[in-house]
Amino acid sequence: MLIVDGCQALRPCECMKVRRSLSIIKNSGLSNLLDEYTLDNFDASAPWQKIMKDKAQLFIDDTIGNWFFAGGQVGSGKSHICTAIVNELMKRGSEALYMRWRDDSVSLKRSIASDGPEYFEEINKYKRVKVLYIDDFFKTERGKQPTAADINLAFELLNHRYINKDLVTIISSERFIDDLLSIDEAIGSRIYQRSRKYCIEITNDKSKNIRLKEGKIK
């Protein structure tokens, strides 16, 4: 509560942004992962896993002008480490939004076709939110190449966040940076430039698929 010119006035609680972020994340399908996918319980027993965790911890304190990219092997802990980063940034008061590329891009492209205001409302949520986590970026059906509509959508979204250095972008993908460059150099080079310090690429090796190991989480 504030006192303004001798009168009492209400103001939003400082924790409301975090509460709203948690609501957004939970409604986006991460409700079961926020407690499970933390930095503390990330398995860093292998050298490549330790690199992932170390880079994540450094990134959390160095987000201005930087992005975090984790690409490569399925089931290697990319979603775990990215979710853990989002979790830590929310604890520090940042609003966050989780984007499941394969599902949410379809919804956005459908709203474009409807030629209504819904698209601009939806895309602006992803463009402007302080912390955006894009999961499974450019994941397509059975490994097909992204369509021109996918590329146009990705460029519009990522270019806005590329220009605005205070916006934090976290990306996981089964593709490597070279794959992204071959799909669209403008998109791939922007991702690489922003994530250069915090770019993790896990080589394709089924022994690194933690989901296949009993008792492990991805």
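From a predicted model like this one, the values you see are computed outputs, not experimental measurements.

J.: Where do I start with the sheet that holds strand β4 (residues 96-100) in this structure?
T.: Strand pairing within a sheet occurs via backbone hydrogen bonds; the two strands may be parallel or antiparallel. Pairing is parallel in the open sheet, where 5 strands are placed in the order β4-β5-β6-β3-β7. Edge positions in the sheet fall to β4 and β7 (199-202), since each has one partner strand and no second. With strand direction ignored, the average angle separating the axes of adjacent strands in the sheet is 10°. By the bridge criterion, 5 bridges tie β4 to strand β5 (residues 131-135) in an arrangement that is parallel. Its bridge partner being in β5, Met-99 is matched across the sheet by Ile-134. Contacts from helix α6 (residues 148-163) reach β4, β5 and β6 (168-173), with the element oriented near 145° to β5.

J.: Explanation requested: the packing of α6 against helix α8 (residues 185-195) in the structure shown.
T.: Geometrically, a packed helix pair is captured by the angle between its two axes and the distance between the axes. Orientation of α6 relative to α8, taken along the N-to-C sense of each, is 30°, at an axis distance of 10 Å. Here α6 is positioned roughly parallel relative to α8, judged by the angle of their axes. Here α6 and α8 pass one another in a crossing that is left-handed. Residues Ile-151, Ala-154, Phe-155, Leu-158, Asn-159 and Tyr-162 of α6 pack against Ala-186, Ile-187, Arg-190, Ile-191, Gln-193 and Arg-194 of α8.

J.: Got a minute to help me understand the side chain of Asn-66 in this structure?
T.: Structurally, the position occupied by Asn-66 is in the loop between α2 (47-60) and β3 (68-72). Filtering out sequence-adjacent residues up to four positions away, Asn-66 remains in contact with Phe-59, Arg-194, Lys-197 and Tyr-198.

J.: I keep staring at the nonpolar core and nothing clicks. Help me out?
T.: Within soluble globular proteins, side chains that are nonpolar tend to cluster in buried spots. Ranked by size, the top nonpolar core spans 27 residues in total, and within it Ile-134, Phe-137, Phe-138 and Ile-191 carry the most contacts. Elements supplying a minimum of two residues to this core: β4, α4 (101-113), α5 (118-128), β5, α6, α7 (177-183) and α8. Ranked by residue count, the leading element in this core is α6, at 6 residues. Judged by nonpolar contacts, the second largest core, of 25 residues, contains Leu-39, Phe-68, Val-131 and Tyr-133.

About the cut-offs
Residues numbered from 1 in each chain as written. Predicted model: local features only at pLDDT ≥ 70, side-chain atom pairs only at ≥ 80, totals over all residues. Heavy atoms only, no water. Pairing = 2+ DSSP bridges. Helix = DSSP H or I, 4+ residues; strand = E, 2+ residues; numbered from the N terminus. Axes fitted to C-alpha atoms, helices over the stretch in contact; angles between N-to-C directions. Contact = heavy atoms within 4.5 Å. Parallel < 35°, antiparallel > 145°, perpendicular 65-115°, else oblique. Left-handed = near helix turned anticlockwise from the far one by under 90°. Core = buried A, V, L, I, M, F, W, Y, C linked by side-chain atoms within 4.5 Å. Buried < 20%, exposed > 50% of the residue type's maximum accessible area, 1.4 Å probe, protein only.

Distances and angles like these do not, on their own, reveal function.
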